[in-house]
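Residue strings, one per chain:
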There are 4 protein chains.
Amino acid sequence: MKQKVVLAFSGGLDTSFCVPYLINKRNLEVHTVIVNTGGFSDQELKGIEERSKILGALSHTTIDAVNDYYEKGIRYLIFGNILKNNTYPLSVSSERFFQALSVLEHVKKIGAEYVAHGSTGAGNDQVRFDLVFEVLAPDVKIIAPIRELGLSRQEEIDYLKSNGFNFSWEKSKYSINQGLWGTSVGGVETLKSSGILPEEAYPSQVSDHGVERIKIGFEKGEPVSLNGEKMSPVNVIRTLHKWASRFGIGRDVHVGDTIIGTKGRVAFEAPAPLILVKAHHLLEKHVLTKQQLYWKDQLSNWYGQLMHEAQYLEPVMRNIETFLDDTQQFVTGEVDVELRPYHFSVLACSTDYDLMNPVFGEYGEVNKSFTGQDVIGFTKVISNPLKIYYTIHK
Amino acid sequence: MKQKVVLAFSGGLDTSFCVPYLINKRNLEVHTVIVNTGGFSDQELKGIEERSKILGALSHTTIDAVNDYYEKGIRYLIFGNILKNNTYPLSVSSERFFQALSVLEHVKKIGAEYVAHGSTGAGNDQVRFDLVFEVLAPDVKIIAPIRELGLSRQEEIDYLKSNGFNFSWEKSKYSINQGLWGTSVGGVETLKSSGILPEEAYPSQVSDHGVERIKIGFEKGEPVSLNGEKMSPVNVIRTLHKWASRFGIGRDVHVGDTIIGTKGRVAFEAPAPLILVKAHHLLEKHVLTKQQLYWKDQLSNWYGQLMHEAQYLEPVMRNIETFLDDTQQFVTGEVDVELRPYHFSVLACSTDYDLMNPVFGEYGEVNKSFTGQDVIGFTKVISNPLKIYYTIHK
Amino acid sequence: MKQKVVLAFSGGLDTSFCVPYLINKRNLEVHTVIVNTGGFSDQELKGIEERSKILGALSHTTIDAVNDYYEKGIRYLIFGNILKNNTYPLSVSSERFFQALSVLEHVKKIGAEYVAHGSTGAGNDQVRFDLVFEVLAPDVKIIAPIRELGLSRQEEIDYLKSNGFNFSWEKSKYSINQGLWGTSVGGVETLKSSGILPEEAYPSQVSDHGVERIKIGFEKGEPVSLNGEKMSPVNVIRTLHKWASRFGIGRDVHVGDTIIGTKGRVAFEAPAPLILVKAHHLLEKHVLTKQQLYWKDQLSNWYGQLMHEAQYLEPVMRNIETFLDDTQQFVTGEVDVELRPYHFSVLACSTDYDLMNPVFGEYGEVNKSFTGQDVIGFTKVISNPLKIYYTIHK
Amino acid sequence: MKQKVVLAFSGGLDTSFCVPYLINKRNLEVHTVIVNTGGFSDQELKGIEERSKILGALSHTTIDAVNDYYEKGIRYLIFGNILKNNTYPLSVSSERFFQALSVLEHVKKIGAEYVAHGSTGAGNDQVRFDLVFEVLAPDVKIIAPIRELGLSRQEEIDYLKSNGFNFSWEKSKYSINQGLWGTSVGGVETLKSSGILPEEAYPSQVSDHGVERIKIGFEKGEPVSLNGEKMSPVNVIRTLHKWASRFGIGRDVHVGDTIIGTKGRVAFEAPAPLILVKAHHLLEKHVLTKQQLYWKDQLSNWYGQLMHEAQYLEPVMRNIETFLDDTQQFVTGEVDVELRPYHFSVLACSTDYDLMNPVFGEYGEVNKSFTGQDVIGFTKVISNPLKIYYTIHK
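Here the structure is a predicted model, which means the values were calculated and not measured.

Draft legend 1. Region of the structure containing the interface of chain B and chain A. Listed as interface residues are 86 residues of chain B and, on the opposing side, 85 residues of chain A. Put simply, chain B and chain A have six salt bridges between them. Here Lys387(A) ties to Glu134(B) by a salt bridge, and the two come within 2.8 Å at their closest N and O atoms. For the interface between chain B and chain A, the tally reads 30 residue pairs in polar contact (both at pLDDT 80 or more).

Draft legend 2. Here's a closer look at the pairing of strand S2 (residues 28–36) of chain B. All names here are of chain B. With nine of nine residues buried, S2 is to be regarded as a mostly interior element. Residues Leu 28, Val 30, Thr 32, Ile 34 and Asn 36 of S2 are buried on one face, and the alternating residues Glu 29, His 31, Val 33 and Val 35, pointing to the opposite face, are buried as well. Pairing of strand S1 (residues 3–8) with S2 involves six bridges; the strand directions are parallel. Within S2, the residue paired with Gln 3 across the bridge is Leu 28. One crossover worth recording links S1 to the parallel S2 by way of helix H1 (residues 13–25), and it is right-handed. Direction of pairing for S2 relative to strand S3 (residues 59–64): parallel, over a ladder of six bridges. Each residue of the ladder has a partner; that of His 31, found in S3, is Ser 59.

Draft legend 3. Here's a closer look at the packing of aromatic side chains. Inspection of the entire model under this criterion finds 72 aromatic pairs over all chains. Ring centres of Trp295(A) and Trp302(C) lie 5.2 Å apart, and the angle between their planes is 70°; on these two criteria the pair is classed as edge-to-face. Linking Trp295(A) in helix H10 (residues 290–308) with Trp302(C) in helix H10 (residues 290–308), this pair reaches from one chain into another. In this structure, Trp295(A) and Trp302(C) share a single accessibility class: buried.

Draft legend 4. Spatial organisation of the relation of the copies chain B and chain A. Mapping chain B onto chain A is achieved by rotating through 180° and translating by 0.0 Å along the same axis, at an RMSD of 0.0 Å. On the angle and the small slide along the axis, the relation comes out as a two-fold axis. Taking the C-alpha atom as reference, chain B places His343(B) closest to the rotation axis, 2.9 Å from it. An overlap of 99% is found between the interface residues of chain B and their copies at the interface of chain A, pointing to a shared contact surface.

Draft legend 5. Seen up close, the interface of chain B and chain D. In this complex, chain B contributes 25 residues to the contact, which on the side of chain D involves 25 residues. Interface area for chain B against chain D, summed over the two sides, is near 2,300 Å², with a carbon-plus-sulfur share of 64%. On the chain B side of the interface with chain D, the three residues burying the most area are Gln291(B), Trp295(B) and Asn319(B), jointly 26% of the side's total. Taken together, chain B and chain D are joined by zero salt bridges. Our enumeration of links across chain B and chain D arrives at 12 residue pairs in polar contact (both at pLDDT 80 or more). At the level of secondary structure, the elements contributing two or more residues to the side of chain B that touches chain D comprise helix H11 (290–308), helix H12 (315–327) and helix H13 (372–392) of chain B. Among the elements that take part in the side of chain B that touches chain D, H12(B) stands out by supplying nine residues, more than any other. Split by residue class, the side of chain B that touches chain D holds 12 nonpolar, 10 polar and three charged.

Draft legend 6. How the structure looks around the pairing of strand S1 (residues 3–8) of chain A. Relative to strand S4 (residues 114–116) of chain A, S1(A) runs parallel, the two being bridged by three bridges. The partner of Val5(A) across the bridge, within S4(A), is Tyr114(A).

Draft legend 7. Molecular detail of the sheet that holds strand S10 (residues 229–230) of chain B. Residues and elements named next belong to chain B. With antiparallel pairing, five strands are arranged side by side in an open sheet as S10-S9-S8-S13-S14. Because the sheet does not close on itself, it has two edges, and the strands there are S10 and strand S14 (343–350). The pairing of strand S9 (residues 222–226) with S10 spans two bridges and is classified as antiparallel. Bridged to Ser 225 within S10 is Lys 230. In the packing of helix H9 (residues 233–245) onto the sheet, contacts are made with strand S8 (212–219), S9 and strand S13 (333–340), and the angle to S9 comes to roughly 55°. Contacting S8, S9, S13 and S14, helix H10 (residues 271–287) crosses the sheet at an angle of about 30° to S14.

Draft legend 8. How the structure looks around the UniProt feature "domain: Arginosuccinate synthase-like N-terminal" (unreviewed entry) in chain A. Taking the UniProt record as the reference, the feature "domain: Arginosuccinate synthase-like N-terminal" (unreviewed entry) is found at residues 4–164 of chain A. Secondary structure across residues 4–164 of chain A divides into 53% helix and 16% strand, with the first and last C-alpha atoms of the span separated by 23 Å.

Draft legend 9. Structural view of the relation of the copies chain B and chain D. For the pair chain B and chain D, the superposition axis carries a translation of 0.0 Å, the fit reaches an RMSD of 0.0 Å, and the rotation angle comes to 180°. A high fraction, 100%, of the interface residues of chain B reappear at the interface in chain D, so the copies pair face to face through one surface.

Draft legend 10. Helix H8 (residues 233–245) of chain D, seen in detail. Residues and elements named next belong to chain D. Taking 1.5 Å per residue as the helical rise, H8 with its 13 residues ought to reach 18 Å, and the 18 Å between its terminal C-alpha atoms agrees with that figure. Those residues of H8 that fall on the buried side of the exposure criterion are Pro 233, Val 234, Val 236, Ile 237, Thr 239, Leu 240, Ala 244 and Ser 245. Buried residues along H8 sit in contact with helix H3 (66–79), strand S8 (212–219), strand S9 (222–226), strand S12 (263–269), helix H9 (271–287) and strand S13 (333–340).

Draft legend 11. Geometry of the sheet that holds strand S1 (residues 3–8) of chain D. Residues and elements named next belong to chain D. If you walk across this open sheet you meet the five strands as S3-S2-S1-S4-S5, and the pairing is parallel. Two strands close off the open sheet at either side, each with one partner strand: strand S3 (59–64) and strand S5 (141–143). Across the sheet, the axes of successive neighbouring strands diverge by a mean angle of 25°, strand direction being ignored. Across three bridges, strand S4 (residues 114–116) lies against S5 in parallel orientation. Counterpart to Tyr 114 in the pairing with S5 is Lys 141.

Draft legend 12. Representation of helix H11 (residues 315–327) of chain C in the model. When the terminal C-alpha atoms of H11(C) are compared, their 19 Å separation across 13 residues agrees well with the 18 Å that a helix rising 1.5 Å per residue should span. Listed in full, the buried residues belonging to H11(C) are Pro315(C), Val316(C), Met317(C), Asn319(C), Ile320(C), Glu321(C), Phe323(C), Leu324(C) and Thr327(C). Against H10 and helix H11 (315–327) of chain A, helix H3 (66–79) and H10 of chain C together with helix H12 (372–392) of chain D lie the buried residues of H11(C).

Draft legend 13. Region of the structure containing the domain arrangement of chain A. The domain boundaries assigned to chain A delineate domain 1 (3–162), domain 2 (175–288 + 330–350) and domain 3 (366–392). Spacing between the C-alpha centres of domain 1 of chain A and domain 3 of chain A amounts to 61 Å.

Draft legend 14. Local environment of the packing of helix H12 (residues 372–392) of chain A against helix H5 (residues 125–136) of chain B. Closest axis-to-axis distance for the H12(A)/H5(B) pair is 8 Å, and the angle between their directions is 40°. As the angle between them shows, H12(A) and H5(B) are arranged oblique. When the axes of H12(A) and H5(B) are compared, the crossing they make is right-handed. For the pair H12(A) and H5(B), the contacting residues are Val375(A), Ile376(A), Phe378(A), Thr379(A), Lys380(A), Ile382(A), Ser383(A), Leu386(A), Lys387(A) and Tyr390(A) in the first and Gln126(B), Val127(B), Asp130(B), Leu131(B), Glu134(B), Val135(B) and Leu136(B) in the second.

Criteria and thresholds
Every chain is numbered independently, its residues counted from 1 as its sequence is written. Chains carry letters from A onward and ligands carry numbers from 1 onward, assigned in written order. Only residues with pLDDT of 70 or above have their local features reported here, since the model is predicted, and side-chain atom pairs are shown and tallied only from 80 upward, although totals for entire chains, interfaces and linings are computed over all residues. Just so you know, side-chain values use all the structure's heavy atoms and leave hydrogens and water out. Whether two residues touch is decided by their heavy atoms; if any such pair falls within 4.5 Å, the residues are in contact. One speaks of a salt bridge when a side-chain nitrogen belonging to Lys or Arg is within 4 Å of a carboxyl oxygen belonging to Asp or Glu. Within 3.5 Å is the distance limit for a polar contact, defined as a pair of N or O atoms, with the added protein rule that one can donate a hydrogen and the other accept it, and that residues adjacent in sequence qualify only through two side-chain atoms. Think of it in three bands: residues with accessible area under 20% of the maximum for their type are buried, residues over 50% are exposed, and the middle band is partly exposed, with areas taken using a 1.4 Å probe on protein chains only. Working definition: helices are DSSP H or I runs of at least four residues, strands are E runs of at least two. Numbering for both runs from the N terminus. Each pair of strands is called paired provided DSSP finds at least two bridges between the two strands. Seen with its strands pointing away from the viewer, a crossover is right-handed when the path leading from the first strand over the helix to the second is clockwise. Think of it this way: a Phe, Tyr or Trp ring, Trp meaning its six-membered ring, pairs with another when their centres are within 6.5 Å, and the plane angle makes it stacked under 30 degrees, edge-to-face over 60, tilted otherwise. The superposition of copies rests on a least-squares fit of C-alpha positions from residues with pLDDT of 70 or more in both. Here the buried area means the combined drop in accessible surface, using a 1.4 Å probe, for two parts upon being joined, counting both sides. The residue classification treats Ala, Val, Leu, Ile, Met, Phe, Trp, Tyr, Cys and Pro as nonpolar and Asp, Glu, Lys and Arg as charged. All others, Gly included, are polar. Simply put, an axis is a line fit to the C-alpha atoms, just over the touching stretch for a helix, and the angle between two N-to-C directions goes from 0 to 180 degrees. UniProt positions are given in the numbering used here, feature names are shortened, and annotations may be inferred rather than shown by experiment. For a helix, the expected span equals 1.5 Å multiplied by the number of residues minus one. An automatic or database domain assignment is the source of the domain bounds shown. What sets the label is the angle itself: under 35 degrees gives roughly parallel, over 145 gives roughly antiparallel, 65 to 115 gives roughly perpendicular, and the rest give oblique. The hand of a helix crossing depends on one turn: near helix anticlockwise from the far one by less than a right angle means left-handed, and clockwise means right-handed.

This is the structure:
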């Protein structure tokens, strides 16, 4: 009896190549899985399923991981206002773990001895996939045919043809990875530091040239409404994406250190993540203390980095999530945002837990908790260490 | 013989009130000083000088502190990519120290026994001024008449009138503070969390509706050219301000914790600071290692906070500056920026010290320093702590 | 009818002075309170009560806050391995908040309009007390007679005599503050940097010259047994104190920055806190990951600093406690400690959650999770950023 | 003509095996090098040289790296008060880099194509050596025979015998690594968490049962005298080691995370490092501000971790060194230390730059820079954020 392999399958050239390869060359029973973290339409998912069958997989399974991805991942990216290098909402890096985990659950469900993925040997994703399998299922053997064989695109096409699969494989000019938390765009331009992507490389084009003001509602840190209409956080993200992408909002280029020690550069379009992070942050500036803001920043920055670097399973991540959860109990209110071509502004907010409350005074105008004389005493005391220092070092 | 007081004088209602008050009520010889950190034109400075004379000051001195402010302050704000709460370039808070220091030098020069400023008892500036005098000149006595007397606007006007000064004091709708590193805008709207400033409150209005691409050159971290034309950093800032403010770029609202423990909210327009910080940061992402970027962020964030909170004299600031200087030796190159109405994008860069160099491979495509097999070993080793953890806790 | 004041009363000269002063000069009805955080025996408490009556207080209340102090304070000092400046277990600074809180509860219970304490104007304690009252009961007025009047010791004695109180007030050579978490010792020697306290200044003297090995049991981070005998954490602390002080263990000198900006120096003897912190830390090194240890350190260090600086009420403290609690679920096991004159060593431990488990290999000897070849790959990948850096900068 | 290999040679079993192996099986011309970082006497070095000759190496070179190791390594460990996990002075981990660098210089000097070391595949040292060669000499090929072959001790002895080398190879019960910055001790006891090393496992035994007080002088952070006698920092370390090891001071057990992801445990005896770090730290508490102490701690902790993890070449290390250097300009003075069996205490210090200066008041007694009234104002202002918070959340 043949041994089973579960292949993470997207229907692209690389993973399509893997199906006949795993059947013919590795003599395995191939079960394909596509994990949807928000990037595929029903129609696309159907097309992927059909292709899997044509290529000879014994079964194909579509797993909807969107809610899981939001609950266990995106939610904390919002709580933490996480933008890697102050820029990138981790659109791609945050979904890989949830995809790997879903694949692994399928591996266990059908009792497969092998798991396969289409990663090359030159990127982050191989590490993100392998690590989950290594840690949670050390007995399952990993196959990454593209990494192992180092074939060229043409060789893969030729192999598929020689096995009777004559799909058209025009290389799209840009490599796109779409998910609930944004879309990455790679092209020849992003391979060098000075390359500038043309307008048309981005998935959304500006169709609205006006100005629009919207209101985003948060409850305990989670986005729960748009313009007063309640909806699930996932739907807030999807609706906001639709609204903002008409304006071409949310494009930028991420340059950062990869897990494997090189610098990497990738463009992205992530209107909903960027707007939600900035709106959430504004609300926090009003309801959290300076100390809370400082430590949230520290822990969140690290959380984002560990997530980016395939360390979602690190137990400190659970400790940080506990901290973040605890900080969100009063992050409830509404934020005003303005959308216009290519740009959004987070304008203002209202919340019942506002620490900027005129009851206590108005900054620069009047203060009700202490007098000018108190501030003189305050300044004398806080200047004391420096007064001593400069007297000693005069 | 009368004792001398040096008054930090801007020609506004508060400091105008102080002149006759210090002369008549405190029986002092008043010497006014205006310290220009980039916010005043020659004509404005001349007007201030004239007003001082009319009000009866014995001398008036104009001090140009722009270069000092750049060299000892702004330079490090650029090196550190400092935006307080990820938003505010410290437009106002960074210049107060340099103003106080210049005032203090004048105090020492003329041997004054007193120093006076027009701060109220409800803001940060009183602390920023007092602290410098407390620390560096504990023997000089500080007078802050507005804080001490708590007079209303009308009472100040009446007092001036009763002393024969009938200037017109129409309260401008917005309180503006302009300097080399940006302009703050306060109004009734910024006193509450939900207030939104109208378009016309901002000093610059959109006059260019097109798109423009520019190149900013950096040398060891400092901005030294625009579109290839060499100029001093101060002139880069000024020219960039001119270019970008035609597009209405650089507006935002800062919400933060004041030195005196309240939340404060202020709008600002700071096109040159925001663009320079983002452009400088992009260049750093290409030439610094991940570790350098991490620790620069940590130290810079703190540097910005201490500067904001009147702690420029804290000796750790000098230690941090040494660190920052040391990181900038290869931050040399050119950055491409796109300007359009309300928005700018930092597009790309070129530098001789680029760590993202195709010689070593292209991210996700090919890697020349190690093989896929090496990455398998790498992943096995880095997954080891988690593998142990999940085996123990299974 | 007279207004009421609650006076925090220790029976020492300062607070004894306050009783007749508050009655006669401030015309208040005086209710004294002693809050025991572990430093007073029943007999001492009885003596304090009697003195209060003699001095004319209308009521005296003894509040036992030991358990509260442990549950809400010391527990987190253990979880966080907190030693300020790597030295001081916060023996005094951690108990002040709990004392102030108990006093405040009594103020509310009897509906007093005033609260009084015996702090001088030159130390941390005035801030620790005032801040709790300012924050939680802004309407209650604070009186600190010693700070207000600035009397000398002799003037206080004379005032007491003139009111008919002829206690003997020999100044003890050393000022001692004792509590559950250790004892501080101040003297003329600690007022200057070069002063060395003599042996006899310390409360415990060496009476055991041998060597003793003990076992401390922890459960979810809390100390729960000694040599296998289960007891409450408070009793572990007390018993351990008894055992270790026979050896003169736990003495050191803390030098640090006070809340009011001076440097302060104080000796202390805190055998149980030091041993528990070091033993707990050892256990954590075995059961927590490197990342958990790192972030626990960061947050705990800050937690200790905020507690020291009177900021126990800061909401971030609750967030940090949540984080710390979450890290302690597997900090369960037994630690071997050796006691000898002046010295203890934390020798070894055993725990069911040990991440140093021979199942996975023995460090330096053999490794079961990967091969030498895997480590070669690992090293190639981690050396990649530096290889690039040194090639570029060659 | 044969290709050359430079072998890092200690004369122990593993590296002795390597000589004939590299000659016979790899057909290389073997040049041995011993790099002394303070652990070898002249006589030991001579013995190593003789053994190299007997084994057939074409040349043997002894490199004295003690000064380099101090100047570029230990100096910063002192400046940073670095004790990994609050325990371990990095006795072994800090010297490996300097050994590798010296070996590499020899490789370049004689133009060798290969470099070899005796590390196994289960420890940190393989990574520390490989990484230096990978980064600074990517063209030099690395051979680690013990790692590659995975031979047992007996197989190595047999191979040596079969090649005519009949040394006696009694396995010492404890594996000792000695250097200027301390000695590590491994044995069967350190392989499990509960093992306790016996007294005799430690290199130094208690021979002095008295008490001794000494004075250590520092100049700009470096140790420069003992009991007033000037000497080089290296000699301070050596002399202090001699004095303190008579008391059996400086033993402890380090438990930590290895580079390769396991937990490791090792005993050590490092009297001079521990005393110098604690004495240096005390001096810093007196001459540096709270902010300086905080950031020194942060950076030093990281510096130690990176050094431990083979990242000495990371450019951020140079940036941190610049910072540390800058903080040391006033760390000058003398520290009193008491030595007794197994224990030392850092008692007091004197320095011209003491920020704890009675000129400004005596902590808790009297304050000369501000009044009690000033502190009331100070407390009102610092309690303001909490007052607002608790009013909002009441």
